Amino acid sequence: TSLLSLLESEKDPKRFEPIAYALSHMSSESAVPTLLKGATAASDAVGKACIQVLGNIANEEAYSGLFEIIGTHDDDERGNVARVVAIQTAYDKRDNRLIPICEAVIDSAINLKAVQTAIDSLVSIPTPEALSALETQVAKKHDPSVSAYLQDGIRRYNTMWSKN
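Computed from a prediction, not measured in an experiment: that's the story for all the values here.

Considerations on the pattern of salt bridges
Now for step 1: By the definition in use, this model includes seven salt bridges.
Now for step 2: For D44, the salt bridge goes to R78, with nearest N and O atoms at 3.0 Å. Note that D44 is positioned in helix α4 (residues 44–57) and R78 in helix α6 (residues 77–93), a separation of 34 residues in sequence.
Now for step 3: A relative accessible area of 44% places D44 in the partly exposed class.
Now for step 4: In this structure, R97 and D95 form a salt bridge, with 2.7 Å as the shortest nitrogen-oxygen distance.

Structure representation (structure tokens):
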């Protein structure tokens, strides 16, 4: 919390970078609520740094928070950063605990970019459970653009992870 406050108040760009770097390497799960608040801070730099940290922590609350950010910032730079971080986190962590979060986002249809990010995240997890989640979603009734993106997601998954 004190790093976040320090970062928010810092005006000197030379001092800002090391504080942002320290913040981006935090991994305490207890920081998630503060980081979620920081992700919507007035400063874009603070917001982006907090989004990066949420990806580093990658527990269920932090990962769900990335989709909340995408849902509220779908057409701005923070939304773009959250999309990249969510997909990269899914790829890096390869954690099946992220799958239900992605499924919930697809089912809720927060917005198209959040849904596409959830699908791309599932594509990035090379486990049978992720493929099964994609196939289950294809069987559900979705908006035609989501259904098409899901079909393409399965094609991409098979291209990326097939053992041919």
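Examining the environment of S64
Now for step 1: Here S64 shows up in helix α5 (residues 60–72).
Now for step 2: Note on S64: relative accessible area 26%, which makes it partly exposed.
Now for step 3: For the pair S64 and L54, spaced ten residues apart in the sequence, the C-alpha separation amounts to 9.4 Å.

A short note on unusual backbone geometry
Now for step 1: The phi angle at R94 is positive, at roughly 50 degrees, despite the residue not being glycine.
Now for step 2: With respect to the secondary-structure elements, R94 resides in the loop between α6 and α7 (99–108).
Now for step 3: A residue is classified by how much of its surface remains accessible, and R94, at 36% relative accessible area, is partly exposed.
Now for step 4: With phi around 50 degrees, A109 is a residue other than glycine that occupies positive phi space.
Now for step 5: Structurally, A109 is set in the loop between α7 and α8 (112–123).
Now for step 6: A109 gets classed as partly exposed once you look at its relative accessible area, which sits at 47%.

A word on the packing of aromatic side chains
Now for step 1: In total, this model carries two aromatic pairs according to the counting rule given.
Now for step 2: Ring geometry for Y63 and F67: centres 5.3 Å apart, planes at 80 degrees, overall edge-to-face. Taken together, the positions of Y63 and F67, both in helix α5 and four residues apart, correspond to about one turn of that helix. Taken as a pair, Y63 and F67 share a single burial class, namely buried.
Now for step 3: Positioned above the aromatic ring of Y91 is the side chain of R94, whose terminal nitrogen or guanidinium carbon lies 4.4 Å from the ring centre.
Now for step 4: Over the face of the ring belonging to Y149 we find R156, whose NZ or CZ atom lies 5.3 Å from the ring centre.

Thresholds applied
- Residues numbered from 1 in each chain as written.
- Predicted model: local features only at pLDDT ≥ 70, side-chain atom pairs only at ≥ 80, totals over all residues.
- Heavy atoms only, no water.
- Salt bridge = Lys/Arg side-chain N within 4 Å of Asp/Glu carboxyl O.
- Helix = DSSP H or I, 4+ residues; strand = E, 2+ residues; numbered from the N terminus.
- Buried < 20%, exposed > 50% of the residue type's maximum accessible area, 1.4 Å probe, protein only.
- Phe/Tyr/Trp six-rings, centres within 6.5 Å; stacked < 30°, edge-to-face > 60°.
- Lys NZ or Arg CZ within 6 Å of the ring centre and 35° of its normal.

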